[in-house]
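# Descriptive analysis of the structure
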Amino acid sequence: MKKVITYGTYDLFHEGHYNLLKRAKELGNYLIVGVTTENYDNSRGKLNVQESLMKRIENVKNSGFADEIIVEEYEGQKINDIQKYNIDVFAIGSDWLGKFDYIKEYCDVVYLERTKGISSTQLRADKYGIIKLGIVGCGRIAQRLISEAKFVSGVNVEGAYEADESSLKHFTKKNELAFLSINFDEFLDKVNAVYITTCYITHYDYVKRALEKGKHVLCDKPMALSVKETDELYTLAQDKKCVLLEAIETAYFPGFLRLISVAKTGLIGSIKNIDATFARSDINAAVKSAMELASYPLLAIFKILGENVEKVEFYSYWDSGKDSDLFTKINLKYKDAIATVKIGSGVKYEGDLIISGTKGYIYVPAPWWKTEYFEIRFDNSANNKKHYYKLEGYGLRYELAEFISMINNKELTTYKLNQNESVKIAWIIERFRNKKNVYSI
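Residues numbered from 1 in each chain as written. Predicted model: local features only at pLDDT ≥ 70, side-chain atom pairs only at ≥ 80, totals over all residues. Heavy atoms only, no water.

Three- or four-residue spacings in an α-helix give side chains the same orientation, since the helix completes a turn every 3.6 residues. Of all the positions in helix 4 (residues 77-84), only Gln77, Lys78, Asp81 and Ile82 are classed as buried. Across the axial projection of helix 4, the buried residues extend over an arc of 135°, all falling on one side. One or two positions beyond helix 4, positive phi appears at asparagine 86, with a value near 55°. (Buried < 20%, exposed > 50% of the residue type's maximum accessible area, 1.4 Å probe, protein only. Helix = DSSP H or I, 4+ residues; strand = E, 2+ residues; numbered from the N terminus. Arc of directions from axis to C-beta.)

Rendered as structure tokens:
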């Protein structure tokens, strides 16, 4: 028997997929088809998959060509599968020409010509259209977004708005954008959605004006500085049937999502303490720590312990003018647990995350907010478990992919970062601004 194996995502199954499987089957007597998981697609930067793994497997099965279907879960699996199943021929689409020549050591490699003029990417564009995205602000985050957007299908960065015309012209020319505008209303008329990257003080106003014009909004954190403002923006988004998403990028990382799931399984017992630190030496010393950095550790705490905080205390080290907190420690008390946040740019600290339970604990090394690795640890180290998750690029592609998916599927909420969590983060920030239980050190 001559065995053939091929792999793919098979999203929105189309004629091109059918033809490729047909040609692959003709190369031998027995065809094995590997269908990629969502986690594996995410790990290699493919963030535009629309259908579930089970649906995609069903699509392949219904083609009638697959004698056996397996799941592809990790980098390097192809070589293991080829040896495990005694494969004679590895077949793949011609758009990967040369990419898999290393497999020739194990079996024959055949690059099959793809059906021209049709692809899953094109079908997604035909079904949903292309979201015209405008960027508000031209700073570091905006520049990173330009590079990250190339990895997300269904969106095109069209133009930018910035009050500083000189910076705006330079940014627009450098990134070859279609238009620029120093008039915010005119800017909004040319896009379907906006990503707001300006100083946090301006966020509320920009978000509100964009929503009032029926534009979907992805906004850097914090989105607003009070519970009232945050609730108001979400209510407005619901009324306008617009997606409103806060850009705390950690919330959308595959590794972080898995970390939260593992922590809540009970594997380490009942969680009694969380220590979350965000301390970086490359941040401008003028940064207001609690205002601009607290969102990350608070996100992890609220995801795991929930939002029913009974007591909050702040301990801050201020700059000489007492305008910016260079370091702040936040203590949060729950009914059955406690948590500590440490944030700042003026005091050096290990930026790790420790989740402590009655049976064991989870350790996430610095920088934990870019979660790529974590370890579950017990008294008996033989029971320890390590988890690895590759984070692609700057990570902005993950939040942008979630944003576009919500727009296309007309979903106004996501479990990755919901309204209650955003509001609770705003509640903490508001208490700090109003100096409630804030003590200087």
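Read on for the rest.
Okay, empty space enclosed by the protein next. Considering all chains together, one arrives at three cavities of 30 Å³ or more under this definition. Volume-wise, the second largest cavity comes out at about 40 Å³. Together, Tyr234, Ala237, Gln238, Cys242, Leu244 and Leu412 line the second largest cavity. Top contributing element to the lining of the second largest cavity by residue count: helix 10 (residues 227-240), with three residues. Residues belonging to the lining of the second largest cavity are distributed by class as follows: five nonpolar, one polar and no charged. (1 Å grid on protein atoms, 1.4 Å probe; cavity = no way out; pocket = protein on both sides within 12 Å on 5 of 7 lines; lining within 4 Å. Points joined across faces, edges and corners; volume = space filled by probe spheres on them. Nonpolar A, V, L, I, M, F, W, Y, C, P; charged D, E, K, R; others polar.)

In contact at an axis separation of 9 Å, helix 6 (residues 140-149) and helix 14 (residues 396-408) are set at 70° when each is read in the N-to-C sense. Overall, the two elements helix 6 and helix 14 adopt an arrangement that is roughly perpendicular. Regarding helix 6 and helix 14, the two cross each other, and that crossing is right-handed. Residues Ile141, Arg144, Leu145, Glu148 and Ala149 of helix 6 pack against Leu396, Arg397 and Leu400 of helix 14. When grouped by side-chain class, the residues that make up the contact of helix 6 with helix 14 number five nonpolar, no polar and three charged. (Axes fitted to C-alpha atoms, helices over the stretch in contact; angles between N-to-C directions. Parallel < 35°, antiparallel > 145°, perpendicular 65-115°, else oblique. Left-handed = near helix turned anticlockwise from the far one by under 90°. Contact = heavy atoms within 4.5 Å.)

Counting 84 residues, the largest nonpolar core has Leu332, Ile355, Ile362, Leu400 and Phe403 as its most contacted members. Per-element tally for this core: the top contributor is helix 14, with eight residues. Each residue touching leucine 400, except ones within four places of it in the same chain, is listed here: Leu133, Leu145, Ala149, Val152, Val155 and Leu218. Membership of the second largest hydrophobic core comes to 24 residues, among which are Val136, Phe179, Met223 and Ala237. (Core = buried A, V, L, I, M, F, W, Y, C linked by side-chain atoms within 4.5 Å.)

Where strand 16 (residues 353-357) meets strand 17 (residues 361-364), four bridges bridge the pair, whose relative direction is antiparallel. The partner of leucine 353 across the bridge, within strand 17, is valine 364. Once strand 16 ends, the chain turns through three residues before running back antiparallel as strand 17. Here three bridges tie strand 17 to strand 18 (residues 373-377), and the two strands are oriented antiparallel to one another. Of the residues in strand 18, the one forming a bridge with tyrosine 363 is glutamate 375. (Pairing = 2+ DSSP bridges.)

Tracing the backbone shows lysine 303 in helix 13 (residues 295-305). With relative accessibility at 11%, the residue lysine 303 sits in the buried group. There is a polar contact of 2.9 Å between the side chain of lysine 303 and the backbone oxygen of lysine 416. Here lysine 303 is in contact with Phe256, Ile260, Lys264, Tyr415, Lys416, Leu417 and Glu421, once residues within four sequence places are set aside. (Polar contact = N/O pair within 3.5 Å; in protein donor to acceptor, adjacent residues only side chain to side chain.)

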